[in-house]
Amino acid sequence: FGLLGALTPDSVVVPGAAGAATVVQTLTVTQTSAAGWLVALPDADGAGQISNVNFTGPGQTRATLSFTELGAGDEVTFVALVPTHVVADAIGFFSG
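Residues numbered from 1 in each chain as written. Predicted model: local features only at pLDDT ≥ 70, side-chain atom pairs only at ≥ 80, totals over all residues. Heavy atoms only, no water.

**Some remarks on the sheet that holds strand 5 (residues 53–55)**
- The four strands lie next to each other as 2-7-4-5, forming an open sheet whose pairing is antiparallel. On the outer flanks of this sheet lie strand 2 (10–13) and strand 5, each paired with one strand and no other. On average, each strand axis in the sheet is inclined to that of its neighbour by 20 degrees, with strand direction left out of account.
- Strand direction decides the pairing type here: strand 4 (residues 36–41) and strand 7 (residues 75–80), joined by four bridges, are antiparallel. Bridge assignment links Ala40 to a residue of strand 7, and that residue is Phe78. (Pairing = 2+ DSSP bridges. Helix = DSSP H or I, 4+ residues; strand = E, 2+ residues; numbered from the N terminus. Axes fitted to C-alpha atoms, helices over the stretch in contact; angles between N-to-C directions.)

Structure (structure tokens):
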């Protein structure tokens, strides 16, 4: 979805997720600015306690599969330790 700033939560509504509890998505970080991590959460609480993608330096591209609980309004919140570009591709959903 674009450039994510350092420790600046950004929420995105997941299209087609109405009625779902969890989204299955591929998370990719690219053009990393330094070593760090990315986490996808239902909201910004708990950011920094776990990570979905880890990267070890600038200029890297890393991807992973993530099962992320949806927050209010069918949103997923992304938080990164350092500025990085994020691509999130929703693959599917699970309900309650």
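Anyway, onward from the coordinates.
**Looking at the sheet that holds strand 8 (residues 84–95)**
- Taken in spatial order, the four strands of this open sheet run 1-8-3-6, and their pairing is antiparallel. Each of the sheet's edge strands pairs with one partner strand only, and the pair in question is strand 1 (2–4) and strand 6 (62–69). Pairwise comparison of adjacent strand axes, ignoring direction, gives a mean angle of 40 degrees for this sheet.
- Sheet topology places strand 3 (residues 20–30) next to strand 6; eight bridges connect them, and they run antiparallel. In the sheet register, Thr28 faces strand 6, and the bridge partner there is Ala63.

**Focus on the environment of Leu4**
- As for its placement among the helices and strands, Leu4 is situated in strand 1.
- Judged by relative accessible area, Leu4 falls into the buried class, the value being 1%.
- In the structure, Leu4 is positioned 76 residues away from Ala80 in sequence and 6.9 Å away in space, judged by C-alpha atoms.
- Beyond its immediate stretch of four places on either side in the chain, Leu4 contacts Asp10, Leu38, Phe78, Val79, Ala80, Val82, Pro83, Thr84 and Val86. (Buried < 20%, exposed > 50% of the residue type's maximum accessible area, 1.4 Å probe, protein only. Contact = heavy atoms within 4.5 Å.)

**Focus: the packing of aromatic side chains**
- Tallied over the full model, the rule gives one aromatic pair.
- An angle of 25 degrees between the planes, with centres 6.0 Å apart, marks the rings of Phe67 and Phe94 as stacked. Of the two residues, Phe67 sits in strand 6 while Phe94 sits in strand 8, which places them 27 residues apart along the sequence.
- When its relative accessible area of 53% is taken as the criterion, Phe67 is described as exposed. (Phe/Tyr/Trp six-rings, centres within 6.5 Å; stacked < 30°, edge-to-face > 60°.)

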